[in-house]
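Observations on the three-dimensional arrangement
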Amino acid sequence: QVQLVESGGGLVQPGGSLRLSCAASGSIYRINNMGWYRQAPGNQRELVAIIAGDATNYADSVKGRFTISGDNAKNTVYLQMTSLKPEDTAVYYCHCTVAIYGYQRVYDYWGQGTQVTVSS
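To start, this report covers the structure provided alongside it. (Residues numbered from 1 in each chain as written. Predicted model: local features only at pLDDT ≥ 70, side-chain atom pairs only at ≥ 80, totals over all residues. Heavy atoms only, no water.)

1. Some thoughts on the overall build of the protein
We apply this condition: The numbering of helices and of strands both runs from the N terminus, where a helix is a DSSP run of H or I of at least 4 residues and a strand a run of E of at least 2. Taken over C-alpha atoms, the radius of gyration is set against a globule rule of 2.2 Å times the number of residues to the power 0.38. The cut-offs for exposure are 20% and 50% of the maximum accessible area for each residue type, with area from a 1.4 Å probe on protein chains only; residues under the lower value are buried, those over the upper are exposed, and the others partly exposed. It only takes one pair of heavy atoms within 4.5 Å for two residues to be counted as in contact. Think of it this way: Lys and Arg go in the positive column, Asp and Glu in the negative one, and His and the chain ends go nowhere. Charged groups are reduced to one reference atom each: NZ for lysine, CZ for arginine, CG for aspartic acid, CD for glutamic acid.
Assigned secondary structure in the protein consists of zero helices and 11 strands. For the protein, the α and β elements follow one another from N to C terminus as β-β-β-β-β-β-β-β-β-β-β. Computed over C-alpha atoms, the radius of gyration of the protein comes to 14 Å, within 12% of the 14 Å expected from 2.2 N^0.38 for 120 residues, which places it in the range of a compact globule. Overall, the protein is about 50 × 25 × 25 Å in size when its C-alpha atoms are taken along their principal axes. Taking all 120 residues of the protein together, the buried fraction comes to 42%. Pairs at least 24 residues apart make up 56% of the contacts formed inside the protein by residues separated by at least 6 positions. Distance from the positive charge centre (9 side chains) to the negative charge centre (8 side chains) of the protein: 2 Å.

Printed below as a string of structure tokens:
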């Protein structure tokens, strides 16, 4: 019913910047929130940033370096990452909580993930 397509991952040097995009499509009535999670090898998946309306929340490890934003008309969320560190290396997953046409509850969806590698 809902698909999330991520893009923008890749290889970047320490101190560099990268911008991730996630576009949601399908039978979306309303997006309650969208966010980014990441998972490095051997680690648990962790919240990076989330946006709900005008409110945002960030993991302490990325606060001041990453910015989450959205384009409501395009059902798209972005993650602008600056001052990247090797420890930011992970697979980044887009996530959304949405209301779907014809259903009286909200649902969670995940993107396929996009690799971000920070290395010299």
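2. Comments concerning the environment of Gly42
Take Gly42: it is sitting in the loop between strand S4 (28–39) and strand S5 (46–52). Looking at Gly42, the relative accessible area reads 82%, which means it is exposed.

3. Notes on the pattern of salt bridges
It is possible for side chains bearing opposite charge to pair when their charged atoms get close. Quick note on the threshold: Think of a salt bridge as a Lys or Arg side-chain nitrogen and an Asp or Glu carboxyl oxygen that are within 4 Å of each other.
Enumeration over the complete set of coordinates arrives at four salt bridges. Residue Arg38 is joined to Glu46 by a salt bridge in which the shortest nitrogen-to-oxygen separation is 2.8 Å. By relative accessible area, Arg38 is classed as buried at 6%. Look at Glu46 and you get partly exposed, because its relative accessible area is 35%. Two residues, Asp88 and Arg38, come together in a salt bridge whose shortest N-O distance is 2.9 Å.

4. A closer look at the pairing of strand S8 (residues 76–81)
The following threshold applies: Paired strands, as defined in this entry, are two strands with at least two bridges between them according to DSSP.
Burial within S8 is extensive, with five of its six residues counted as buried. For strand S3 (residues 18–26) and S8, the ladder comprises six bridges, and the chain directions are antiparallel. Directly across from Ser21, in S8, lies its bridge partner Tyr78. Between strand S7 (residues 66–71) and the antiparallel strand that follows it, S8, lie four residues; Asn75 among them carries a positive phi value of about 50 degrees.

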